[in-house]
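Coordinate analysis (summary)
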Amino acid sequence: MSNFIPELDVDPYAAHNLLDPYPMHELMRETGPVFKLKDYPVYACARHEQVHQVLTDYETFISGAGVGLTNFNLETPFRPKSLILEADPPQHTQMRTILSRILSPKAVMQIRESFARVAEEMVDRCVEKGEIDGIHDLAQIFPLKVFPDAVGLETDDRDNLLLYGDMVFNSMGPRNELLAKSTERVIPVTQWIMEHCDRKMLRPGGFGDQIYQAADAGEISHEHAPMLVRSFLSAGIDTTINGIGNALFSLAHHPSEYEKLHRDPAMARPAFEEALRYESTAQTFFRTTNKACEIAGHQLPENTKVLCMLAAANRDPRKWVNPDQFDIERRPSGHVALGTGIHGCVGQAVARLEGELILSAIARKVKRIEVNGQHTRRLNNTLRALETLPLRFVPA
Ligand code: OVV
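The present account deals with the structure reproduced in this document. Note that the coordinates shown come from a computational prediction; the quantities given were computed from them, not determined experimentally.

Re the site of the ligand
Every residue near the ligand is listed here: Arg79, Ser82, Ile84, Leu85, Val168, Phe169, Met172, Ser231, Ser234 and Ala235. Arginine 79 has a polar side-chain atom sitting 2.9 Å from an oxygen atom of the ligand. Interatomic distance of 2.6 Å between a side-chain N/O atom of serine 231 and an oxygen atom of the ligand. Only helix H8 (159–170) and helix H11 (224–235) provide two or more residues apiece to the shell around the ligand. Its residues placed into classes, the shell around the ligand shows 6 nonpolar, 3 polar and 1 charged.

Laid out in structure tokens, this is it:
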């Protein structure tokens, strides 16, 4: 039996591929169900079927050795491992139980009104301004206010969360210039982040304090609590900022899709979902094989990294009709922008709420979104991120 696995000479972390990953994604999907990369010691999948398989089979494709390029079985992690992201059952299950309760749909119903009020105010301000930067005037300030408020963080110095998120997501790629620069920038704020995971710094009753309440109840040990708060601060900001930024980008560049949303603001939620599929914020995650195994009939060795090209799977023509079309009326369910399986985004109800509320406020208050200049990108090893997005909001 042959076990030929093709090798691709492409660097997913080269600037041109981070700027425009879609030609690379097509090449990866067409190369085969599984392939190797010349420059990195990893296997990779870019088709929906195999990405889904890897994410679902958590017993073979583990997270405990890290979900970035670095294999924590061979190298020391750059920070203490996340108790939930970089963990496997049974520890993962214990942590996940608590976070999923704190971030449950019911909890999200309770924050909806206050999040909605902020979204309305912020969109109103953008409509008054007319010419805005979609990132700095909206995509960034909204999650940076509402989510830390819900966690129970003080209001000072929240920009530190941006630097921290940028570094965490860069750290899942290679040790390139992007990681070096963001690591340098984050040094002065790392202590701030860890201090703000302390119970004393967290408003009673907020998401952060609720983790400590779970520790009080004996569900986790008290040493684990600050580390779970750290997960909120790592995963909850940069992701939603760029989810909203990418949705604004997609709508601005597809005026007829925006027109549908404007005519029917109830489309806010499906429009945000389609934007997640079309411009997936988290482009990649890795797993590590914990035994010799097979993907699509090809043998993989034990203890090897598998790169899951989430964003490529979300445009796989084997799965989607006209995948490169941004169509807010399609049914994008089954996309893997928020992962899937036991590690699927635990904050997804909050993420979707934030996206829905911003798009819904815009849909009602803005007749047209016009591109008002060239956007710029912030390159990151994992995230599809915008630095600036000049837009004009034409009032309804
Ligand atoms: C999903 C995600 C991204 C980054 C960090 C974490 C989780 C964490 O748990 O720290």
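Here's the deal with the sheet that holds strand E4 (residues 61–62)
Taken in spatial order, the 6 strands line up as E1-E2-E3-E9-E6-E4 in an open sheet, and their pairing is mixed. Two strands in the sheet have a free side with no partner beyond their single neighbour: strand E1 (7–8) and E4. The strands touched by helix H3 (residues 48–56) within the sheet are strand E3 (42–45), E4, strand E6 (284–289) and strand E9 (305–309), with E9 carrying the most contacts at an inclination of about 125°.

As for a negative patch on the surface
Among the surface-exposed residues, Glu154, Asp156, Asp157 and Asp159 lie close enough to one another that they form a single negatively charged patch. Within the secondary structure, aspartate 157 is located in the loop between helix H7 (141–151) and H8.

Regarding the sheet that holds strand E5 (residues 131–133)
One open sheet accounts for 3 strands, arranged E5-E13-E10; its pairing is antiparallel. What marks the edges here is a single partner per strand, and that holds for E5 and strand E10 (366–371). With direction set aside, neighbouring strand axes in the sheet form an average angle of 30°. Pairing analysis gives 5 bridges linking E10 to strand E13 (residues 390–395), with the strands arranged antiparallel. Pairing of glutamate 370 across the sheet is with arginine 392, part of E13. In the packing of helix H16 (residues 348–365) onto the sheet, the strands contacted are E10 and E13, and the crossing angle to E10 comes to about 105°.

Details of the packing of aromatic side chains
Counted by the stated rule, this structure contains 5 aromatic pairs. For the ring pair phenylalanine 147 and phenylalanine 207, a centre distance of 6.4 Å and an interplane angle of 55° mean the geometry is tilted. Taken together, the residues phenylalanine 147 in helix H7 and phenylalanine 207 in helix H10 (residues 207–216) connect sequence positions 60 residues apart. Here phenylalanine 147 and phenylalanine 207 have matching classes, each one buried. Relative to phenylalanine 326, the ring of tyrosine 278 lies with its centre 5.3 Å away and its plane at 50°, an arrangement referred to as tilted. Taken together, the residues tyrosine 278 in helix H14 (residues 268–278) and phenylalanine 326 in the loop between helix H15 (310–313) and H16 connect sequence positions 48 residues apart. Owing to a relative accessible area of 10%, tyrosine 278 belongs among the buried residues under this scheme. Lying across the ring of tryptophan 320, lysine 319 places its NZ or CZ 5.5 Å from the centre.

Definitions and cut-offs
- Residues numbered from 1 in each chain as written.
- Predicted model: local features only at pLDDT ≥ 70, side-chain atom pairs only at ≥ 80, totals over all residues.
- Heavy atoms only, no water.
- Near = heavy atom within 4 Å.
- Polar contact = N/O pair within 3.5 Å; in protein donor to acceptor, adjacent residues only side chain to side chain.
- Helix = DSSP H or I, 4+ residues; strand = E, 2+ residues; numbered from the N terminus.
- Nonpolar A, V, L, I, M, F, W, Y, C, P; charged D, E, K, R; others polar.
- Pairing = 2+ DSSP bridges.
- Contact = heavy atoms within 4.5 Å.
- Axes fitted to C-alpha atoms, helices over the stretch in contact; angles between N-to-C directions.
- Patch = residues over 30% accessible without salt bridge, like charges linked within 9 Å, V, L, I, M, F, W, Y side chains within 5 Å.
- Areas by Shrake-Rupley, 256 points an atom, 1.4 Å probe, with all protein chains shown as cover.
- Salt bridge = Lys/Arg side-chain N within 4 Å of Asp/Glu carboxyl O.
- Lys, Arg positive; Asp, Glu negative; His and termini not counted.
- Charge placed at Lys NZ, Arg CZ, Asp CG, Glu CD.
- Phe/Tyr/Trp six-rings, centres within 6.5 Å; stacked < 30°, edge-to-face > 60°.
- Buried < 20%, exposed > 50% of the residue type's maximum accessible area, 1.4 Å probe, protein only.
- Lys NZ or Arg CZ within 6 Å of the ring centre and 35° of its normal.

The values reported here are purely geometric and, on their own, carry no functional implication.
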